[in-house]
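# Chains, contacts and geometry: an overview
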Amino acid sequence: MKICVIGTGYVGLVSGTCFSEIGNNVACVDIDKKKIDKLNNGFVPIFEPGLEELIKRNVKHKRLNFSSKIEDNIKSSDIVFICVGTPTNKKSNQADLKQVFKVAKLIKNNLNKYKIIVNKSTVPVTTGDKIEKILNTKKNKNKFDVISNPEFLREGEAIRDFMYPDRVVIGSNSKKANSVMKNLYLPILKKRSRYFNCSRRAAELIKYASNAFLATKITFINEMANLCEKSNIDVKDISIGMGLDERIGDRFLRAGPAYGGSCFPKDTRALVTTAKSFNTDLSIVKTVINSNQNRNNLLNKRILKLLNNKINNKIITFLGVTFKAGTDDMRESPCLDMIPFLLKKGSTIKYYDPSGEKTNFFINKNVKFSPNIKDACNGADLIIIHTEWNEFKQINFRKLNKNKNLKVFDLRNLYSPSLMKKINIRYYGIGR
Ligand code: NAD
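The environment of the ligand is formed by 27 residues, the closest being D30, K35, T86, E155 and K266. Here V11 contributes a backbone N or O atom positioned 2.8 Å from an oxygen atom of the ligand. One of the side-chain nitrogen or oxygen atoms of K35 is found 2.6 Å away from an oxygen atom of the ligand. Surface burial for the ligand is 90%, taken as the share of its 830 Å² of free accessible area covered by protein chains. Elements that contribute at least two residues to the shell around the ligand include exactly α1 (10–21) and α5 (98–108). Across the shell around the ligand, the residue classes tally to 10 nonpolar, 9 polar and 8 charged.

Written out as structure tokens, the structure is:
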């Protein structure tokens, strides 16, 4: 099967590489020539555990290649995956579909034989209909099927998620397209995942509904954490006690900072806006969005309180700045709200992140990247554990920082409060 994956970002690069790993001939294409050059020179432009080895192996076996020649690769493919970005349009809060429609037009002009056009980007209900309308010229009649195949991978665990999915959702009522897609996914379906075929519109909504539900779970436990803080209960006990109920489950039930990343914030916003266009009020999702935004303010206030409102000239260290562990993705990371707030109050920020220095902070001389945990912790008044990277789980803070008044604010509840007390660290967690 010859596949063309358009958009070589987190989703396109992982999907394309994994499809090549299961024996397909894949071209990953992108308008970003620098990205393609990097890949062709052996560099992987994103941080995703295990991806580099997989790319190397499949390039070596000539099943995977990277190219800026998008049109040629569309022409020579049987299946074309659309994996471009769908960010929030800041004015309307809708998903901005410019990139998707641009690609659809390019496909329209290069349909030389029957192809399945698979939309993997997260898009609002009816986008598939609109793509079909773009492609549907006289010349292109009966030469394509447009289907929806939402992607559920998580950054940091993307390869495992792709190769061992809980489900593969295919939105299409074309028998021909369905049979090709089932065959394509067959090698990973054997590993007990469920292939679910539904309408194209349903597949589009399944993705948004899933993300909104997970965002709700996180927001729910974060609100419980607020209550726990005031009632002398450890929220970890609540998560465990609730999670033991199989109807609830323990995943996405860990209290922490506001949810961030490239999906939940933009997808919850887009879902509410789409529903509005169908005269439907999604009051629960709206409340989740508000509660999550308030969480940033709440944690900022908590930091002020921890430092007795004396924040000017204080050195605050962030351990981890990405929105979660295992990725270099900074999109809508909670610290992008916290750090500017703390800078405005006169503090200096140091940070260390295992995925490297971030361009987001280049413009501010009061934000300094440390090359390791030791350097980051040295001299700090307050250390904020922002991301749950494994290497942050066993730090001897006393050894790295001699400041008697050192405070540690653990947004991920990685440490035991009683153990921290024993070594005289003023330790604060979330919901405990
Ligand atoms: P990304 O920004 O990392 O990658 C998108 C890529 O598309 C970029 O490399 C960009 O240069 C390229 N591109 C844009 N316009 C193009 C064009 N006209 N022709 C060729 N290439 C073009 O985005 P992403 O994180 O991979 O997300 C892609 C989609 O998948 C989004 O809709 C997102 O919501 C969804 N999604 C993302 C994740 C995730 O964890 N990142 C998970 C599931 C679904």
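Back to the write-up after that little detour.
Let us look at the environment of N366. Following the sequence through the fold, N366 ends up in the loop between β10 (348–352) and β11 (367–369). Between the C-alpha atoms of N366 and G346, which are 20 residues apart in sequence, the distance is 9.2 Å. Each residue touching N366, except ones within four places of it in the same chain, is listed here: L343, S347, T348 and I349.

Moving on: helix α13 (residues 335–344). An α-helix turns once every 3.6 residues. As a result, residues three or four positions apart point the same way. Buried within α13 are the following residues: C335, M338, I339, L342 and L343. Along the axis of α13, the buried residues cluster in a sector spanning 130 degrees; they form a single face. As for α13, its buried residues are in contact with α12 (283–306), β9 (315–319), β10, β11 and β12 (382–385).

On to the layout of surface pockets. In this model, the second largest pocket occupies a volume close to 290 Å³. In terms of lining residues, the second largest pocket is bounded by N226, E229, K230, L298, K301, R302, K305, L306 and Y428. Only α9 (200–231) and α12 provide two or more residues apiece to the lining of the second largest pocket. For the lining of the second largest pocket, the leading source of residues is α12, giving 5 residues.

Between the first and last C-alpha of α1 there are 17 Å, a value that for 12 residues agrees with the 16 Å anticipated at 1.5 Å per step. Across the 12 residues of α1, 10 count as buried, placing the element largely inside the fold. Inspection of α1 places Y10, G12, L13, V14, S15, G16, T17, C18, F19 and S20 among the buried residues, and these make up the whole buried set. G23 sits one or two residues past α1 and shows a positive phi near 100 degrees.

Attention now goes to empty space enclosed by the protein. Going through the model one piece at a time under the given rule, you end up with 1 cavity of 30 Å³ or more. The computed volume of the largest cavity comes to approximately 40 Å³. For the lining of the largest cavity, the per-class residue count stands at 2 nonpolar, 5 polar and 2 charged.

Once that is clear, we can look at the nonpolar core. Membership of the largest hydrophobic core comes to 38 residues, with the highest contact counts inside it found for I79, F81, F162, M181 and Y185. Residue contributions to this core peak at 7 residues, all from helix α8 (residues 175–189). Judged by nonpolar contacts, the second largest core, of 33 residues, contains V29, L97, I107 and V285.

Contact geometry of α9 with helix α10 (residues 235–243) gives a least axis separation of 9 Å together with a crossing angle of 135 degrees. Our classification of the angle between α9 and α10 gives oblique. In the packing of α9 onto α10, the handedness of the crossing is right-handed. In this structure, α9 contributes F220, I221, M224, A225 and C228 to the contact, and α10 contributes V235, I238, S239 and M242.

Take the packing of α12 against α13 next. Helix packing geometry: the angle between the two helix axes and the distance between the axes. Running from N to C, α12 and α13 cross one another at 40 degrees; their axes reach a closest spacing of 10 Å. Relative to α13, the element α12 is oriented oblique. Relative to α13, the crossing made by α12 is right-handed. On α13, the residues that touch N296, L299, N300, I303 and L304 of α12 are D337, M338, F341 and L342.

Here S355 is to be found in the loop between β10 and β11. In this structure the C-alpha to C-alpha distance between S355 and G326, which are 29 residues apart in sequence, comes to 7.8 Å. Excluding its chain neighbours within four sequence positions, the residues that come into contact with S355 are F47, T322, T327, D328 and W389. Within the structure, the side chain of S355 is placed 2.6 Å from the side chain of D353, a separation counted as a polar contact. At 2.7 Å, the side chain of S355 and the side chain of K358 are in polar contact.

Scoring rules and cut-offs
Residues numbered from 1 in each chain as written. Predicted model: local features only at pLDDT ≥ 70, side-chain atom pairs only at ≥ 80, totals over all residues. Heavy atoms only, no water. Near = heavy atom within 4 Å. Polar contact = N/O pair within 3.5 Å; in protein donor to acceptor, adjacent residues only side chain to side chain. Areas by Shrake-Rupley, 256 points an atom, 1.4 Å probe, with all protein chains shown as cover. Helix = DSSP H or I, 4+ residues; strand = E, 2+ residues; numbered from the N terminus. Nonpolar A, V, L, I, M, F, W, Y, C, P; charged D, E, K, R; others polar. Contact = heavy atoms within 4.5 Å. Buried < 20%, exposed > 50% of the residue type's maximum accessible area, 1.4 Å probe, protein only. Arc of directions from axis to C-beta. 1 Å grid on protein atoms, 1.4 Å probe; cavity = no way out; pocket = protein on both sides within 12 Å on 5 of 7 lines; lining within 4 Å. Points joined across faces, edges and corners; volume = space filled by probe spheres on them. Expected span 1.5 Å × (residues − 1). Core = buried A, V, L, I, M, F, W, Y, C linked by side-chain atoms within 4.5 Å. Axes fitted to C-alpha atoms, helices over the stretch in contact; angles between N-to-C directions. Parallel < 35°, antiparallel > 145°, perpendicular 65-115°, else oblique. Left-handed = near helix turned anticlockwise from the far one by under 90°.

None of this, on its own, says anything about what the molecule does.
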